[in-house]
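So you can see what is in the structure, the chains are spelled out below.
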Amino acid sequence: MERDITLPVANNLVRGFRAGDILHISGTIFTARDAAHHLLVKRKNEEKEIPFDIRQMPLYHCGPLVRKKESRWQIIAAGPTTSMRMEPFESQFISLFSTTIIIGKGGMGEKTLASLQEVGAVYAHYAGGAGALAARAVTQVVDVYWLDKLGMPEAVWILDVERFGPLIIAMDSHGESLYHKLDKTVNKNMEWIHRQINKGALQ
Amino acid sequence: MKLKKALLSAIRTAATILPRDVVITLEEAIQKEDSKLARAQLAAILENIKIARTDSIPLCQDTGIQTFFIQAGTRSPYLELLNPVIAQAVIEATATVPLRPNTVHPFTDKNSGDNLGRGMPVIDYELTESDKIIITLLPKGGGSENCCALKMLTPSAGISAIKRAIVDHVIACKGAPCPPTIVGVGIGGGADVAMKLAKRAILRKIKISHPEQPVAKLEKELLELINRSGVGPMGLGGNTTSLAVHIEYAFRHPASLPLGIVLQCWASRRAQIQINKDGSIKVS
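Residues numbered from 1 in each chain as written. Chains lettered and ligands numbered in written order. Predicted model: local features only at pLDDT ≥ 70, side-chain atom pairs only at ≥ 80, totals over all residues.

Observations concerning the overall build of chain B
Piece 1. Secondary structure assignment for chain B yields eight helices and nine strands.
Piece 2. Here the C-alpha radius of gyration of chain B, 19 Å, is about what a compact globule of 284 residues would show, namely 19 Å.
Piece 3. Counting only C-alpha atoms and orienting by the principal axes, one finds that chain B spans roughly 50 × 50 × 40 Å.
Piece 4. Per-residue burial for chain B yields a buried fraction of 48% across its 284 residues.
Piece 5. Of the contacts made within chain B by residues no fewer than 6 positions apart, 78% connect residues no fewer than 24 positions apart. (Helix = DSSP H or I, 4+ residues; strand = E, 2+ residues; numbered from the N terminus. Rg over C-alpha atoms; globule rule 2.2 N^0.38 Å. Buried ≥ 20, exposed ≤ 12 C-beta atoms within 10 Å, placed from the backbone. Contact = placed C-beta atoms within 7 Å.)

Put into structure tokens, the structure is as follows:
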């Protein structure tokens, strides 16, 4: 199913997103990679202030390429980074911040999949490397936090986006995962591939 | 200075314009996909390539580690210029293209801000008996670099062990290196040589096979096997997991069989500069 979503998105609506659905989203999202995950979780645990309204804001695994032009930030390219690097933090992160949409590439692990079910959240895949296309969907940089401390890719960027997508729901809040399904197919294909190699393959 | 200008132009070209052979192969790939998700991935990739080219902006926010492979003609009068001018060009390109500052101290995580730092940019010299210098620029992204591997195989296991190690590795990486990938393979030499051969192998244009027929045949066979896995574009399923397999080899120690595997994402960016003896420079 293809959907156009305006943010913020209600929890019951997110429960309705199913693996394989394609979304385009409009509204405000934030970026966080490894260092930002670590920092945000630490701040929350130490009961320090989070300087933006993080609850239910889609989390984008992205280290954008940004340029300052006439004192305004301009996103040049903003494709997703490998989500699996955030796996050690993600379960705790989405529980702490009530995150309902995670956007990244490559998928996440079992712990996150379990948390998606608990929190009522989804993991959406965006085409890796499609940085210029993603940047076109960014209408403005709302703010940036911890830029000096973390550097450009690792800083937290708050972005307004317009019809950002296609985002493919790869892991939903019902335990469905496109990656699990694919693993089964690939494993079966691997048996055939190994047989070909063992018998001297395709010669 | 002319050389710095040429380097800046090459860095911008590599970051913003995907080489023709890669684009054509991606366009062919979309025709081979039946699944909606695979086609959606490739369509987004192709649209992205178009936007980057038209607007002259980097294809991918990960503008990579700037890696320069230099075939340095020993009779060229310009050799001593190369290191400092390349460093200067990288600093300027970081600000003007722009490139994402991607070099961080390995212990403190401090970002240098200008893509320089100890050992950066990466410059690899190969001496040639010539009066020309050929610089091939490879901006290498982190996602695909994390999927590189060195395997020290048992020589007696033979060619099928090599095939299996390559296919198993590429498929185990699933969507992580941003498939469809280009697979660079280096066999023999020693641990370091195998990795270097594998990295040089991804510089070769797609559809140009290894000049030796048995190696070319192996490249074709491995590509076919990898694409039968079903991993597909971005690891969401489909018929195109890799666009090419390129193999380079060197002789080996009888007791060792080093196998280097380098994965390159679909954004297989590269550019080339040729510096002639008379000082004329060509960027391509």
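Still more to cover.
Observations regarding the overall build of chain A
Piece 1. Summing up its helical and strand segments, chain A has seven helices and nine strands in all.
Piece 2. Relative to its length of 203 residues, chain A is compact, with a C-alpha radius of gyration of 18 Å against a globular reference of 17 Å.
Piece 3. Considering only C-alpha atoms, chain A reaches an extent of 65 × 35 × 35 Å along its principal axes.
Piece 4. Scored against the burial criterion, the 203 residues of chain A give a buried share of 50%.
Piece 5. Counted over contacts in chain A with a minimum sequence separation of 6, partners at least 24 positions apart contribute 65%.

Points about the nonpolar core
As a rule of thumb, soluble globular proteins bury nonpolar side chains together.
Piece 1. Formed by 142 residues in total, the largest nonpolar core has its most connected members in V122, A124 and A170 of chain A together with I11 and V185 of chain B.
Piece 2. Excluding anything up to four places from it in sequence, V122 of chain A contacts V14, F17, I101, L116, I169, M171, D172 and S173 of chain A. (Core = buried A, V, L, I, M, F, W, Y, C linked by C-beta atoms within 7 Å.)

Describing the packing of helix α7 (residues 178–198) of chain A against helix α6 (residues 158–172) of chain B
Piece 1. At a minimum axis separation of 10 Å, α7 of chain A and α6 of chain B run at an interaxial angle of 165 degrees. For the element pair α7 of chain A / α6 of chain B, the angle class is roughly antiparallel. Here the hand of the crossing between α7 of chain A and α6 of chain B comes out right-handed. Across from V186, M190, I193, H194, I197 and N198 of chain A in α7 of chain A, the residues of α6 of chain B making contact are S160, K163, R164, V167 and I171 of chain B.
Piece 2. Residue composition of the contact of α7 of chain A with α6 of chain B, grouped by class: six nonpolar, three polar and two charged. (Axes fitted to C-alpha atoms, helices over the stretch in contact; angles between N-to-C directions. Parallel < 35°, antiparallel > 145°, perpendicular 65-115°, else oblique. Left-handed = near helix turned anticlockwise from the far one by under 90°. Nonpolar A, V, L, I, M, F, W, Y, C, P; charged D, E, K, R; others polar.)

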